[in-house]
Number of protein chains: 2
Amino acid sequence: MKAMMISALAGAVLASTAAQAQLKPEEQVEIRQAGYQFMAWNMGKIKAQVIDGKEPYDQAKVAAAANAIAAIANSGMGALYSPDTTSAQLGKQTRLKPEFFDNLEEAGRIGGEFVKHANQLASVAAGNDQAAIKKAFGDVGGSCKSCHDKFRAD
Amino acid sequence: MKAMMISALAGAVLASTAAQAQLKPEEQVEIRQAGYQFMAWNMGKIKAQVIDGKEPYDQAKVAAAANAIAAIANSGMGALYSPDTTSAQLGKQTRLKPEFFDNLEEAGRIGGEFVKHANQLASVAAGNDQAAIKKAFGDVGGSCKSCHDKFRAD
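None of the values given here were measured: they were computed from a predicted structure. (Residues numbered from 1 in each chain as written. Chains lettered and ligands numbered in written order. Predicted model: local features only at pLDDT ≥ 70, side-chain atom pairs only at ≥ 80, totals over all residues. Heavy atoms only, no water.)

S.K.: Even after reading the chapter, I still don't get the pattern of salt bridges, so can you show me in this structure?
M.R.: Pairing is possible between side chains that carry opposite charge, provided their charged atoms lie close to one another. Under the defined criterion, the tally for this structure stands at twelve salt bridges over all chains. With a closest N to O distance of 3.2 Å, A:Arg109 and A:Glu106 form a salt bridge. On the criterion of helical spacing, the pair formed by A:Arg109 and A:Glu106 is a turn pair, its members being three residues apart in helix H6 (residues 104-125). One salt bridge connects B:Asp139 with B:Lys135, and the closest N-O pair in it is separated by 2.7 Å. On the criterion of helical spacing, the pair formed by B:Asp139 and B:Lys135 is a turn pair, its members being four residues apart in helix H7 (residues 130-151). Residue classification places B:Lys135 among the exposed positions, given a relative accessible area of 54%. Here the salt bridges share partners, and the residues they tie into one network are A:Glu106, A:Arg109 and A:Lys150. (Salt bridge = Lys/Arg side-chain N within 4 Å of Asp/Glu carboxyl O. Helix = DSSP H or I, 4+ residues; strand = E, 2+ residues; numbered from the N terminus. Buried < 20%, exposed > 50% of the residue type's maximum accessible area, 1.4 Å probe, protein only.)

S.K.: Would you mind showing me how to read the nonpolar core here?
M.R.: Considering soluble globular proteins, one finds that nonpolar side chains tend to be buried as a cluster. In this structure, A:Ile46, A:Leu121, B:Ile46 and B:Leu121 are the most contacted members of the largest nonpolar core, which totals 72 residues. Taken together, the elements giving at least two residues each to this core come down to helix H3 (25-51), helix H4 (59-73), H6 and helix H7 (130-151) of chain A together with helix H3 (25-51), helix H4 (59-73), helix H6 (104-125) and H7 of chain B. Beyond its immediate chain neighbours, meaning those up to four positions away, B:Leu121 contacts B:Met43, B:Ile46, B:Ala66, B:Ile69, B:Ile133, B:Ala136, B:Phe137 and B:Val140. (Core = buried A, V, L, I, M, F, W, Y, C linked by side-chain atoms within 4.5 Å. Contact = heavy atoms within 4.5 Å.)

And the structure:
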């Protein structure tokens, strides 16, 4: 039963290790950090327009930002997490704790929630309901924080 | 008439300079490089599956990769090109030639082609026509190269 409970992401992480053998650990880290940085930029744009009101709300820009976040979230980043890419092997190049690989079911659950929330954000950002965007934005941010709290070193 | 000929991207570059004033030049460079690196990773996945045949073709993975490229291309990266972000100001942090800002119409034209081709790639990648994917992939790559040849230092 336990084998069947392994989440899709956990399975993807394991399955991807072979397929991505051509990517060095350092490359995996660089590319996943690039993805998170680009998502963070787009989260910042939505925050400025919908949460903080620091910039005027522009539906097309918020939708484009949310689409970028969702498409990156759905791009199979699990392939960038082979077991030799933690701070134990790579030191300060990454903040990924080795514990990530002792808790793949939990990591997979959080990853799945993140993808679900990112898709929801893109879905509501296609419209003009700023309250719904705000809620979905908060859910995405919560997923980010949940993973950082558990698996990212300070 | 000339003013009316300024492309959408060129206009976006100019208009964005004020809106993105909170981003330092170094941050703009980092984020745009992150975007290109993440797109390159996804181009590599499509190349391996559809062009080189080094990995088996997986329609869902190719579609996800193409969606990530398109969404990043549509995310308003022009905002990351303020005139103080070239190699003239930032040295080796960036390969962007200062000439970019003397040729905004040309840069905008290439940027527009890139977005168009990225959207076409995502569109055909939703289906199974590998010949169409191959063609669209080549067009995206051609847009990348066109900009690199003109505006990126070796």
